[in-house]
Amino acid sequence: SEISRTPGPPPLGDWDISIVMRFLRTLCDMPGDSVIVKSFGMLNFPIVCQGAPLLREIDLTDNRISEMPKYLYGLEFLRTLILDDNRLERLSNHIQAITSLTVLSIQRNRIKQSGFPKGELATLTGLTSLLLMNNPLMSPPPEILIQDAQVMMRYLRETHAVATGSKTLTLQTFRLKTLPLADVTQALRTIKLEDNMLASVPPALLTLHKLSELSLANNLISTLPSGLHKLKRLRKLDVSSNSLTALPPDIAKLEFLETLLLAKNRLARLGEEVLGLINLRVLSLQHNLLQDLPPDWTTLSLFELNLADNRLKAVPDSLHSMTSLRILNVENNRVQHLPASLSRCASLSSFSASNNIMAELDMTICRLEHVTALDLRYNQIRKMPQSMAGMKALISMDISYNQLEDTLQQGVCSVRPLRTLTMHHNFVTSLPPCIEGLEMLETLDAHDNRLCAIAVEIRYLSRLQVLNLSGNNLEQLPPVIPQSGAVFGVMDKLRVLDVSGNFLERLPLDICKCEALEELLLDRNPWRGNPRLKRVVAPDPTDAGGELRVHIAEGKGLNKMDGRKGQSDPYCIMRLQNLVHKTNVVNSTTNPKWLQKFRLELDDNPYDDVLEFELFDWDLEGSDDAMGVFSVPLTRELLASCRRTYGVDRPPVEMWVDVTGEDSLHRPAKGKIRLEFEFLALDGGIKSVQEYLSRLLVSGWLEVKGVDVEEWHRISQIKKTPTGYMYQDDKDELRFRDEVRRSDVYAKDTQDFLSNSSKVEPWQRMKIMYAPQGTVNRPWELDQAGFAQQSEAMNEYLIKKAREEKEGVQAAAAAERAERAVSRGGLLDPLRAGSSGVPRTGSVRAGSARAGSADRG
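A quick note: this is a predicted structure, and the numbers were derived from the prediction, not measured.

Participant: For this particular structure, what's the right way to read the overall build of the protein chain?
Facilitator: The secondary structure content of the protein chain amounts to eleven helices and 35 strands. The buried share of the protein chain, reckoned over its 857 residues, is 48%. Put simply, 43% of the contacts in the protein chain that link residues at least 6 apart link residues at least 24 apart.

Participant: Looking at this structure, how should I read the side chain of Asp617?
Facilitator: Relative to the elements of secondary structure, Asp617 occurs in strand E29 (residues 610–617). Judged by its relative accessible area of 0%, Asp617 is buried. A polar contact is formed between the side chain of Asp617 and the backbone nitrogen of Asp569, at a distance of 2.6 Å.

Participant: Looking at this model, I keep getting lost on the packing of aromatic side chains. Mind explaining?
Facilitator: What the rule picks out here adds up to four aromatic pairs. An angle of 10 degrees between the planes, with centres 4.3 Å apart, marks the rings of Tyr378 and Tyr401 as stacked. Of this pair, Tyr378 sits in the loop between strand E15 (373–375) and strand E16 (396–398) while Tyr401 sits in the loop between E16 and strand E17 (405–407), and the two are 23 residues apart along the sequence. You can call Tyr378 partly exposed: its relative accessible area is 35%. Arranged with centres 4.6 Å apart and planes meeting at 5 degrees, the rings of Phe613 and Phe630 form a pair that is stacked. Within this pair, whereas Phe613 is found in strand E29, its partner Phe630 is found in strand E30 (residues 625–633), the two being separated by 17 residues in sequence.

Participant: Whenever I open this one, the side chain of Thr159 confuses me. Can you help?
Facilitator: Mapped onto the fold, Thr159 is located in helix H5 (residues 149–163). With relative accessibility at 3%, the residue Thr159 sits in the buried group. There is a polar contact of 2.9 Å between the side chain of Thr159 and the backbone oxygen of Tyr155. At 3.2 Å, the side chain of Thr159 and the backbone oxygen of Leu156 are in polar contact.

Participant: Looking at this model, I keep getting lost on the pattern of salt bridges. Mind explaining?
Facilitator: Should the charged atoms of two oppositely charged side chains come close, the side chains can pair. Applying the stated criterion across every chain yields a total of 14 salt bridges. Here Arg235 makes a salt bridge to Glu258, at a shortest N to O gap of 3.0 Å. With a gap of 23 residues between them, Arg235 in the loop between strand E8 (213–215) and strand E9 (236–238) and Glu258 in the loop between E9 and strand E10 (259–261) connect regions that are remote in the sequence. The class for Arg235 is partly exposed, based on a relative accessible area of 39%. You can call Glu258 partly exposed: its relative accessible area is 32%. Here Glu676 ties to Arg674 by a salt bridge, and the two come within 2.8 Å at their closest N and O atoms. For the residue pair Glu676 and Arg674, the accessibility class agrees, reading buried in each case. Here the salt bridges share partners, and the residues they tie into one network are Glu554, Glu654, Arg674 and Glu676.

Participant: I'm lost on the sheet that holds strand E1 (residues 34–36) in this one. Help?
Facilitator: Each strand in a sheet pairs with another by means of backbone hydrogen bonds, the pair being arranged parallel or else antiparallel. Read across the open sheet, the five strands follow the order E1-E2-E3-E4-E5; overall the sheet is parallel. Strands with a single pairing partner mark the edges of an open sheet, and in this sheet they are E1 and strand E5 (129–131). Here the average twist between neighbouring strands, direction ignored, is 5 degrees. In the sheet, strand E2 (residues 57–59) pairs with strand E3 (residues 80–82) via three bridges, with the strands oriented parallel. Bridged to Glu57 within E3 is Thr80.

Participant: Any chance you could explain the pairing of E29 here in plain terms?
Facilitator: One face of the sheet, then the other: side chains in a regular strand alternate in exactly this way. As judged from the six bridges shared by strand E26 (residues 570–576) and E29, these two strands associate in the antiparallel manner. Bridge pairing in E29 places Ile573 opposite Glu614. Bridge count for E29 against E30 is eight bridges, and the pairing is antiparallel. Counterpart to Phe613 in the pairing with E30 is Phe630.

Participant: How do you make sense of the sheet that holds strand E27 (residues 579–582) when you look at a structure like this?
Facilitator: One open sheet holds the four strands; their spatial order is E27-E26-E29-E30, and the pairing between them is antiparallel. If you trace the sheet from one side to the other, it starts and ends with E27 and E30, each paired once. The sheet shows a mean angle of 20 degrees between the axes of neighbouring strands, direction not considered.

Participant: When you look at the pairing of strand E28 (residues 593–602) in this model, what are you seeing that I'm missing?
Facilitator: Burial of E28 is one-sided: the residues Trp594, Gln596, Phe598, Leu600 and Leu602 facing one way are buried, the residues Lys593, Leu595, Lys597, Arg599 and Glu601 facing the other way are not. As paired strands, strand E25 (residues 546–556) and E28 are joined by eight bridges and run antiparallel to one another. Across the sheet, the residue bridging to Gly546 is Leu602, located in E28.

Participant: Would you mind showing me how to read unusual backbone geometry here?
Facilitator: The phi angle at Arg108 is positive, at roughly 55 degrees, despite the residue not being glycine. Within the chain, Asp195 stands out as a residue other than glycine whose phi angle is a positive 60 degrees. Looking at the secondary structure, you find Asp195 in the loop between strand E7 (190–192) and E8. For Asp195, a relative accessible area of 31% puts it in the partly exposed group.

Participant: Where do I start with a nonpolar patch on the surface in this structure?
Facilitator: A surface patch of nonpolar side chains, amounting to about 300 Å² of accessible area, comprises Val585, Trp618 and Leu620. Counting through the fold element by element, Trp618 comes out in the loop between E29 and E30. Note on Trp618: relative accessible area 35%, which makes it partly exposed.

Participant: Before we go on, may I ask you to explain the nonpolar core in this structure?
Facilitator: Buried together is how nonpolar side chains tend to be arranged in soluble globular proteins. Ile58, Trp297, Leu305, Phe351, Met397 and Leu421 are the most contacted members of the largest nonpolar core, which has 154 residues in total. Elements supplying a minimum of two residues to this core: helix H3 (118–122), helix H4 (142–145), H5, helix H6 (410–413) and strand E19 (427–431). A per-element tally of this core places H5 first, with seven residues. If you look at the next biggest cluster of nonpolar residues, it comprises 30 residues, including Leu602, Leu634, Leu638 and Val657.

Participant: What am I meant to see in the confidence of the model for the protein chain here?
Facilitator: Close inspection of predicted coordinates is inappropriate for parts of the model with low pLDDT. Chain-level pLDDT for the protein chain is 76 on average; 73% of the residues reach the 70-or-more range. Of all secondary-structure elements in the protein chain, the lowest mean pLDDT belongs to helix H11 (residues 843–856), at 36, while strand E18 (residues 420–422) reaches the highest, 95. This model gives residues 826–857 a pLDDT under 50, and the stretch forms 26 contacts once residues within four places in sequence are excluded.

Participant: Explain the environment of Asp663 to me, please; I cannot follow it from the model alone.
Facilitator: The topology assignment puts Asp663 in the loop between strand E32 (653–658) and strand E33 (672–681). For the pair Asp663 and Met561, spaced 102 residues apart in the sequence, the C-alpha separation amounts to 8.6 Å. Aside from chain neighbours lying at most four places away, what touches Asp663 is Asn559, Met561, Ala626 and Met627. Engagement of the side chain of Asp663 in a polar contact is seen with the backbone nitrogen of Leu665, the distance being 3.0 Å.

Participant: Any chance you could explain the environment of Leu81 here in plain terms?
Facilitator: In this structure, Leu81 sits in strand E3. The sequence separation of Leu81 and Thr61 amounts to 20 residues, and the corresponding C-alpha distance is 9.8 Å. Ignoring anything within four residues of it in the chain, the contact list for Leu81 reads Ile58, Met68, Leu72, Leu101, Val103, Leu104 and Ser105.

Participant: Help me understand the environment of Arg575 in this model?
Facilitator: Mapped onto the secondary structure, Arg575 falls in strand E26. Leave out the neighbours within four places in its chain, and Arg575 touches Val580, Val610, Leu611, Glu612 and Glu614. Within the local environment of Arg575, its side chain forms a polar contact with the side chain of Glu614, the two groups lying 2.8 Å apart.

Participant: When you look at H5 in this model, what are you seeing that I'm missing?
Facilitator: Turn by turn, an α-helix covers 3.6 residues, leaving residues three or four places apart pointing in a common direction. For H5, with 15 residues, the first-to-last C-alpha span of 21 Å sits near the 21 Å given by 1.5 Å per residue. For H5, every residue scored as buried is listed here: Ala149, Val151, Met152, Met153, Tyr155, Leu156, Thr159 and Val162. Against H3, E5, H4 and strand E6 (168–170) lie the buried residues of H5.

Participant: Sorry, what's going on with the state of the cysteines here?
Facilitator: All chains considered together, the criterion is met by zero disulfides. Unpaired in terms of disulfides, Cys413 finds its nearest cysteine sulfur in Cys434, a separation of 3.5 Å. Given a relative accessible area of 4%, Cys413 falls into the buried group.

Rules and cut-offs
Throughout, a residue's number is its position along its own chain's written sequence, starting from 1. Since the coordinates come from a predicted model, pLDDT governs what is reported: local features require at least 70, and pairs of side-chain atoms require 80 or more to be given and counted, while whole-chain, interface and lining totals use all residues. Note that water and hydrogens are dropped before the side-chain values are worked out from all heavy atoms of the structure. Segments assigned H or I by DSSP are reported as helices when at least four residues long, segments assigned E as strands when at least two residues long, and all are numbered from the N terminus. Summary of the burial criterion: residues with accessible area below 20% of their type's maximum are buried, those above 50% are exposed, and those between are partly exposed, where the area comes from a 1.4 Å probe applied to protein chains only. Working rule for contacts: check all heavy atoms of both residues, and any pair within 4.5 Å makes them a contact. Polar contact criterion, stated in full: a pair of N or O atoms within 3.5 Å, where within protein one must be able to donate a hydrogen and the other to accept it, and residues adjacent in sequence count only if both atoms are side-chain atoms. We call Phe, Tyr and Trp rings a pair once their centres come within 6.5 Å, taking the six-membered ring for Trp, and we label the pair stacked below 30 degrees between planes, edge-to-face above 60, and tilted otherwise. Throughout this description, the term salt bridge denotes a Lys or Arg side-chain nitrogen within 4 Å of a carboxyl oxygen of Asp or Glu. When DSSP finds two or more bridges between two strands, those strands count as paired. All axes are obtained by fitting lines to C-alpha atoms, using only the stretch in contact for helices, and the reported angles, taken between N-to-C directions, cover 0 to 180 degrees. The patches described consist of residues with a relative accessible area above 30% and no salt bridge, like charges being joined within 9 Å and nonpolar side chains (Val, Leu, Ile, Met, Phe, Trp, Tyr) within 5 Å. Only the protein chains shown count as cover for residues, and the accessible areas themselves come from Shrake-Rupley with a 1.4 Å probe. We define a nonpolar core as any set of buried Ala, Val, Leu, Ile, Met, Phe, Trp, Tyr and Cys residues linked to one another through side-chain atoms lying within 4.5 Å. Summary of the metric used: pLDDT quantifies the predictor's per-residue confidence within the range 0 to 100. What a helix should span is 1.5 Å times the count of its residues minus one. We call a pair of cysteine sulfur atoms a disulfide whenever their separation is within 2.5 Å.

Written as structure tokens, this is what we have:
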């Protein structure tokens, strides 16, 4: 009786014994959580489905089922439901109750539009496969049915929103070839059909008289219909990225149209129909084939006009009539001159004319007093106007990739409000003193020019944050000015300095005073005496590898895996690439406290790594049960926040992470895990570019006043005695003390710089003196004896330096005395001069007397 009642009436009279036996074998072979009964001609669901609430899969393909039973919607664990090749005419609205459903296949049935619950299916967010093909449905269309479940579910959600009263229909990137009438209602105000495969405007859209916005961008439309004027309330029309070659004449009847986007089409001519749109405010025509424009634009009151990427040779002279024009873009054309009337566009705030063939700029452009952004890249401009002071609102100017020569013109430096100046890839050789007029400048990009000199007045750019001077011919940067002070030292907001690709041998000392410096690019320079600096980038503290300490502290609210005890025995496994760490097992709890720390070695730039965690429930017998997973990406922000440095005791970074995934019983995982992180970077504790520079400073490669490093390796001949030093003459001691004084000034500057730091590192507590090349390269690691020895070597070097310069001073004095003697008519007797070339006492006067007697004779 069970067998006869389960399948229902057979297709051909009573079943014979072979069908009965096959059905019995089918039932016996089925796993406990599945019902798979195919091709038996059943009219109803098997009764075994009703008594199995833990079913996960039902496959009843090729039967005669016409209705889904109500108990089916109580199977909360059901994941797969396949009903292909049956006689279903509708899907019940209760299908949304099967929240765990991931696969639903009802292909080749009789489901009509009235029996298709869009909204209920749209709530099944877990669906990964939805198959509806070969049903008499009007919507979704066939091109939607062949796509994956995510696309179909998105389509159902959008169309269901319209059916429930939404005034916006958004069907983007669906590859639609048609628009079903079932998805169109008269209440619609906005329709977005971008990124589809529509070959024409759907006729159903022309009946929506209340439509205000229509977007058909990126389709295959070649013509616009003549009935477009029926959309009398249309305010925005977007038909960009299509294949239009002309516009219909009746488009001028759209009297409320404010935005018309025609970019990326094939328009070769712009007719008078556009000029009839008196309320038009935005017109986009870029990426077309336009060679000329209508001469008369007086009927329009545009706010924005985009003519980029066409073949225009001139800008219409009548644009000045549009006094409300704010944005004008004519880039990527063939424009040679700008019209003089352009200066009458009083409201113009943004003007772009890049990628044209302009050789000079008319003074007209200098009268655009409201322009805030000026883009003149990729032209052939050789000279800028003499004065641009009239551009009182200009804050950004780009004149890169032109042919500017010699010194930067004064006209550019007269734009006082300028904040960003981009002038790379020109032929400029120097930045003149008038650059101090750009007092509001924040970014100066002058890379890849021919700069060989920079005026010291650049020090007055106190707001400068980014300075790019790479790829030039600089041999030195502006030095320290004794009367006025430092150059770079007063740029307290400078964050980025790029001097790579020049001919620099040293940097000025005051660059260490740029406290805000975050990035310093020094590579491709012939650094003197230190070949390791050929490729140097000031390190980001988190770019270096190091030791990451992970503290797996505790968990809260985990799943209960042991049914009898109502608790769990959780433990955690942490993975990083090939490294695996495991915590201890905490028995009988869902709120475990592991309190275990693990150490992980990180390579440089570890930002692609992810810490992966798995939770398990320990079982005495059999395999352990999964309780969920979670992960923590090693982001730059995380490593920077938990980074510990020398002398700074920072507490660990604490975070709570949610457990995700499923457990072994296919239930959603729950709970939270508390983690703590500490990161010890292996970069020597460098916290900033400022500290990096200070280390280079004491390493002995920054520029130092009054000390010649190249002379260090020569042997000093001045002898040291218990009472002092043995000098050759009285001048030796004077020169020695002068060198010591100059060295003290340098040491004081260095100490002042280091003392400004709020946290003084251990290596900064000793007195800093200059470490010449060839001695100790890292003086912050010296002990007291080593530092005393280095200081003594420094003093001996200064003595040797004084002795060498003494001879030069004496020779210069002798030459001066000889010149004065000759000017009085006397001669210098070289035979009676000293071995050093300095005349002995009285030799010049005697020589002069003898010379006078010889002349009289």
